Amino acid sequence: MVFRDYVDSLPNVRLETINKIAELTYSSKMTVYRWLAGDIEPPMIKKKAIAEYIGKSVEELFPTTKAN
């Protein structure tokens, strides 16, 4: 389950989760929304913090697409 799908699956605590992720990563809520929208990708250190908080692997939340 990728990051956006995970957050979208939390209808009752979505805003709380976004606020907590912003706090944990020392980022603005707007930045977290941009990560969710796919506009920008968080740096690896922030991906690790998000994955640890959510309890999933970085690879699962932020899969890489490799072009051939």
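Here the structure is a predicted model, which means the values were calculated and not measured. (Residues numbered from 1 in each chain as written. Predicted model: local features only at pLDDT ≥ 70, side-chain atom pairs only at ≥ 80, totals over all residues. Heavy atoms only, no water.)

### A few points about unusual backbone geometry
The test is simple: What counts as a helix is a DSSP run of H or I of at least four residues, what counts as a strand is a run of E of at least two, and both are numbered from the N terminus. Summary of the burial criterion: residues with accessible area below 20% of their type's maximum are buried, those above 50% are exposed, and those between are partly exposed, where the area comes from a 1.4 Å probe applied to protein chains only.
The backbone of Y26 sits at a positive phi, close to 55°, despite the residue not being glycine. Checked against the element boundaries, Y26 lands in the loop between α2 (14-24) and α3 (29-37). With a relative accessible area of 76%, Y26 lands in the exposed category.

### With respect to the environment of K47
Applied cut-off: A contact between two residues is defined here by any heavy atoms of the two lying within 4.5 Å. Pairs of N or O atoms are called polar contacts if they sit within 3.5 Å, as long as, within protein, a hydrogen donor faces a hydrogen acceptor (for residues adjacent in sequence, only side-chain-to-side-chain pairs).
Here K47 lies in helix α4 (residues 44-54). We classify K47 as buried; its relative accessible area is 6%. With 11 residues separating them in the primary sequence, K47 and V58 have C-alpha atoms 6.2 Å apart. Other than its neighbours up to four places away in sequence, K47 contacts E41, P42, V58 and F62. Only 2.3 Å separates the side chain of K47 from the side chain of E41, close enough to count as a polar contact.

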